[in-house]
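# Chains, contacts and geometry: an overview
Listed below are the residues making up each chain.
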Amino acid sequence: MSNIKLGVEVISAHGLFQRDKQNSCSPFVELKFDNQIFRTTTKPNDPNPVWHESFYFLVSDPSFLSTRTLEAHVFSYQDETDAKPFLGKVRVNGTSFVPRSEAAPFNYPLEKRSVFSRARGELGLRVFITDDPSITPSVSESPRAYIPSPRREHVSSLITDDANERRELKKPTTRTFYNATPSVNQQQPATMNYGMHEMRAAAPMPPRVVQYNGPTPPSDFSVKETSPFLGGGQIIGGRVVRGTKRPASGAYDLVEEMRFLFVRVVKARDLPDRDLTGSLDPYVEVKIGNFKGVTRHLDKNSDPEWNQVFAFAKENLQSNVLEIVVKDKDLVLDDYVGTVRFDLQEVQSRVPPDSPLAPEWYRLENKRQEKKKRAEIMLAVWEGTQADEAFGDAVFSDSLTSSDSSDIISANLRSKVYHSPRLWYLRVRIIEAQDVIIVSDKSRLPEAFVRIQMGNQMLKTRVSQRTFHPTWDQEFMFVVAEPFEENLVLSVEDHSEPNRDEPVGKAVIPLAAIEKRTDDKKFRSRWFHLEDSISDAMDEDKAKKVKFATRIHVAAALEGGYHVFDESTYYSSDLRPTAKQLWKPPIGVLELGILNANGLHPVKTRDGKGVSDTYVVAKYGHKWVRSRTVINSLSPKYNEQYTWEVFDPATVLTICVFDNGHFGEGKNRDQTIGKVRIRLSTLQSGRVYTNAYPLLVLQPSGLKKRGELHLAVRFTCTSVSNMLMKYTKPLLPKMHYTQPLSVNLQEVLRVQALNIMVARLGRSEPPLRREVVEYMTDAKTHLFSMRRSKANFYRFTAVFSGVMSVWKWMGEVCSWRTPVTTALVHVLYTMLVMFPEMILPTVFLYMAVIGLWNYRFRPRFPPHMDTKLSYAESVNADELDEEFDIFPTMKAPDIVKMRYDRLRIVAGKIQSVVGDIAAQGERVQALLSWRDPRATAIFVTFCLIIAMVMYITPFKLFALLSGYYFMRHPRLRHRIPSAPLNFFRRLPAMTDSML
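Looking at an unreviewed UniProt entry, one finds the protein named C2 domain-containing protein and attributed to Brassica campestris. The UniProt entry for the protein carries the following text under Function (unreviewed entry): "May function as a signaling molecule by regulating the trafficking of other regulators."

What follows is the structure in structure tokens.
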């Protein structure tokens with residue numbers, strides 16, 4: 001029995017739903033884990049109970065601990081009935097279990113058991129793993145549940161005794177587990193009366209424990225199909241259910257309609273001056289209940305203009321009065337200027353395509369609600385949905401707290417759409433140079449080379465021989481982005497000493513002056529004069545006056561016929577060439593509805609409570625979208641919809657969830673919460689896919705599930721014929737085949753393209769930070785990982801497992817293990833040999849039948865991250881630590897030595913396998929190479945004899961006899977290898993010639 005135990009401390013709950021007639025509840029918690037169920041004490045008439053009770057579960061198999069799930073169900077005790085009203089549940093995945101020293105209390109939101117459940121509130125738990133031998137799952141010293149009355153227990157036992165006897169005959173023997181002994185410092189509960197029953201803490205009583213004999217709970221790493229009510233109605237099975245269809249707000253039919261109260265603060269006029277210092281520093285507070293939005297303050301301005309929009313979710317409104325308060329910014333205490341109040345029942349609603357609501361002037365009121373004579377503010381207040389034009393620029397109530405200030409309300413919290421820059425390949429061919437003279441020593445022959453600089457990219461040619469007219473004729477590739485803001489700088493230098501390079505001259509070529517080409521035709525070359533500095537090289541007037549100078553012969557072109565890879569080639573979202581004139585019309589439209597997320601794990605602590613400030617980023621093609629940031633929520637609702645044009649079905653949509661590191665104190669990195677990839681070729685046209693995707697993150701501590709992301713995806717095909725023709729077209733543009741780039745060069749260019757894209761997207765407002773772009777584009781997948789190497793090896797073996805299965809089945813046929821099967825194979829083989837024209841039709845018919853048969857088992861929704869395929873569930877800690885190590889490594893020398901030795905062992909095995917495969921091929925070559933004269937003579941003689949026999953023997957007879965000989969009965973076989981195999985193994989290989 002394992003010594004590892006799972007400890008669960010049930011701390012408290014608050015905000016529970018009060019279900020009974022007395023408008024109260026008597027909650028208790030049932031904990032279920034690994035076929036064990038524990039129950040806490042019942043807290044009568046307390047919707048905010050506090051337990052502080054600890055339980056310890058036995059872990060039957062620690063190797064499967066990550067696949068287990070801890071469930072905590074909250075029920076309400078009822079006096080006279082056996083029913084247990086459900087108040088909510090919490091599911092804690094096994095991948096989030098941590099050691100006791102790292103465990104911290106978390107308030108988990110209570111989930112509903114079904115659509116009609118009325119669960120609410122939070123449950124505070126502290127979950128950890130311990131192997132302390134002093135802690136044993138023994139009988140508890142304190143009671144854990146109410147003691148039923150003797151009368152009820154006696155009556156129920158009379159009714160169920162007979163049934164229990166019959167059940168025990170069929171029921172397997174169960175083990176009973178009891179709670180662990182509470183700590184000494186734990187306060188014992190006092191005596192309490194509840195109805196006719198009395199619970200006394202002095203009477204020790206073992207808790208009621210139920211043994212669970214059902215199947216093991218499945219892993220929650222799988223995709224779940226959902227049926228949400230979206231703008232177009234309820235989605236079930238990818239279709240809108242008849243009877244639930246309702247008019248959508250504009251084109252937002254893939255998200256749940258959310259009602260908002262929009263407040264646009266435009267400007268103010270005729271504000272009063274201060275008594276002594278003159279004009280005010282005004283700003284506006286928009287308050288409704290506990291939510292407050294604050295505009296920026298303007299210095300010394302009596303007629304300020306803000307033009308800011310605030311949005312308050314209708315479902316969270318806590319008041320019927322909206323207050324707009326104008327204040328004066330002060331170092332000590334902000335001064336009150338005036339107020340405008342609105343009754344929410346009088347606010348009008350607006351639905352696009354209605355024109356925007358015109359703002360109006362409102363007279364400010366003083367604290368006695370008296371109208372001021374002059375001061376006015378221009379406002380617009382209306383109700384709308386996320387289809388409103390002001391949605392993208394608004395500051396939302398779920399992005400605010402009561403302590404927000406104007407410094408925190410920034411563009412980093414809003415939803416935005418980005419377009420990555422159009423990238424080009426720049427091909428530069430350095431041909432030659434003339435009259436390369438060293439100024440310091442004109443008689444010395446230079447050893448010249450050219451340094452080519454394009455922004456942050458720098459390459460150089462080889463060093464030429466000693467001559468005044470060096471020749472290189474080398475080509476280089478760079479990545480540049482529109483608009484072309486940088487120049488191509490060519491610097492000719494002399495390698496005078498081993499560690500010293502002396503500049504000769506520079507030439508600057510503007511990118512706008514370089515010709516663009518879309519095919520593999522030759523591009524023209526030009527001569528450029530070299531100047532002493534970059535400023536002189538950029539002076540066109542000076543360049544025209546030069547009569548004699550060192551020249552360099554260069555040919556350059558912007559390649560528009562290639563597709564510039566800025567992301568991993570396996571997850572590309574766009575395969576079009578750079579030049580727009582080569583683009584084909586779109587074949588469809590991709591629509592994405594980002595609904596919500598639930599079960600998110602806290603990333604940071606704020607006010608003593610674990611919270612997350614999450615936003616979602618989606619990328620397809622050149623278009624990036626970023627949702628608004630929802631503050632202080634572990635179950636955020638986004639309900640934002642975006643659209644892309646689709647040009648190729650063999651592309652991937654990438655969606656990632658991040659925690660905003662800009663909100664709060666300091667500026668930290670945005671932490672990754674999870675990723676979802678959806679390949680468009682796996683989507684049916686016109687179907688709405690509504691699924692909950694698990695957010696999985698691989699960390700140095702192991703695989704973690706951070707929550708679930710609910711999405712709605714629809715791919716609409718505009719032309720079926722064009723889409724089907726896409727499957728017959730090349731995957732990449734034509735230039736990748738007529739003038740291909742090497743794999744190493746493509747990888748180098750991909751890194752350059754990624755750096756350019758990071759720099760350009762980082763200049764947006766709000767910026768997409770480097771860690772976001774790198775995680776979205778899988779920038780580090782090319783680095784070595786032992787886990788990924790094992791996963792790829794198992795993928796390789798899985799691909800050829802079908803061939804191995806056929807080979808094993810054929811071995812069973814040849815061994816006559818099932819005579820009926822072997823006889824049928826003989827008959828089929830005879831038919832195919834006698835009628836060879838039936839071979840290909842039979843093969844294709846067989847594949848067609850298999851395809852039709854597998855249609856029943858087709859995937860119902862797009863595939864997601866497979867933890868077993870990724871070898872993420874069984875990876876050890878050291879391999880994960882190596883995978884997340886930086887490059888170059890900064891680990892201790894002994895760790896690096898251990899990993900290097902391990903890598904040498906793996907590489908040695910691969911080396912042996914590759915050598916064995918090469919040896920078999922060399923033996924085949926040795927048949928006719930006369931390396932072994934006797935073996936070659938035997939083989940040549942055998943070939944001559946077989947040739948004469950084949951001339952007089954029909955081929956069908958030869959094929960039949962060969963097949964029958966191969967499938968002969970085991971009694972006609974020998975245990976030793978056959979003569980042809982022995983002959984082949986004796987052939988020489990090149991192994992004996994290696995050092």
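Don't stop here, the text continues.
Tallying each qualifying case throughout the model produces six cavities of 30 Å³ or more. Roughly 150 Å³ of volume is contained in the largest cavity. If you trace the largest cavity, you find 17 residues lining it, with Leu423, His563, Val564, Asp574 and His622 closest to the centre. Considering only residue class, the lining of the largest cavity consists of five nonpolar, six polar and six charged. Space inside the second largest cavity adds up to approximately 110 Å³. Lining the second largest cavity we find Ile509, Ala513, Ile514, Glu515, Arg524, Ser525, Arg526, Phe528, Val554, Ala555 and Ala556. Looking at the lining of the second largest cavity, the elements with two or more residues in it are β33 (525–529) and β34 (551–559). Residue composition of the lining of the second largest cavity, by class: seven nonpolar, one polar and three charged.

In the numbering used here, UniProt assigns the "transmembrane region" (unreviewed entry) feature to residues 823–853 and 937–966. Here residues 823–853 is 87% helix and 0% strand, with 26 Å between the C-alpha atoms at its ends. Helix makes up 93% of residues 937–966 and strand 0%, with an end-to-end C-alpha separation of 26 Å.

Each strand in a sheet pairs with another by means of backbone hydrogen bonds, the pair being arranged parallel or else antiparallel. Spatially, the three strands line up as an open sheet ordered β13-β14-β15, and their pairing is antiparallel. Of all the strands in the sheet, the pair left with one neighbour each is β13 (229–230) and β15 (239–240). Pairing of β13 with strand β14 (residues 233–236) involves two bridges; the strand directions are antiparallel. Pairing of Phe229 across the sheet is with Gln234, part of β14.

For the rest of this paragraph, the subject is the nonpolar core. Within the largest apolar cluster, 33 residues are counted, with the highest numbers of intra-cluster contacts made by Leu590, Leu592, Trp644, Ile655, Leu709 and Leu711. For this core, the secondary structure elements donating two or more residues are β35 (588–598), β38 (614–620), β40 (637–646), β41 (652–659), β42 (671–679), β43 (688–699) and β44 (702–717). In this view, Leu709 contacts Asn596, Ala597, Val616, Ile655, Val657, Val676, Asn691, Ala692, Tyr693 and Leu695; residues no more than four positions away in its chain are not counted. Counting residues in each nonpolar core, the second largest holds 29 residues, with Val436, Leu490, Ile552 and Ala556 among its members.

What the four strands build is an open sheet, ordered β4-β1-β8-β7; its pairing is antiparallel. Across the chains shown, the open sheet's two edge strands, defined by having one partner strand only, are β4 (50–58) and β7 (106–109). Neighbouring strand axes in the sheet, compared pairwise and without regard to direction, differ in orientation by 30° on average. As paired strands, strand β1 (residues 5–14) and β4 are joined by seven bridges and run antiparallel to one another.

Conventions used here
Residues numbered from 1 in each chain as written. Predicted model: local features only at pLDDT ≥ 70, side-chain atom pairs only at ≥ 80, totals over all residues. Heavy atoms only, no water. UniProt positions renumbered as here; feature names shortened; annotations may be inferred. 1 Å grid on protein atoms, 1.4 Å probe; cavity = no way out; pocket = protein on both sides within 12 Å on 5 of 7 lines; lining within 4 Å. Points joined across faces, edges and corners; volume = space filled by probe spheres on them. Nonpolar A, V, L, I, M, F, W, Y, C, P; charged D, E, K, R; others polar. Helix = DSSP H or I, 4+ residues; strand = E, 2+ residues; numbered from the N terminus. Pairing = 2+ DSSP bridges. Core = buried A, V, L, I, M, F, W, Y, C linked by side-chain atoms within 4.5 Å. Buried < 20%, exposed > 50% of the residue type's maximum accessible area, 1.4 Å probe, protein only. Contact = heavy atoms within 4.5 Å. Axes fitted to C-alpha atoms, helices over the stretch in contact; angles between N-to-C directions.

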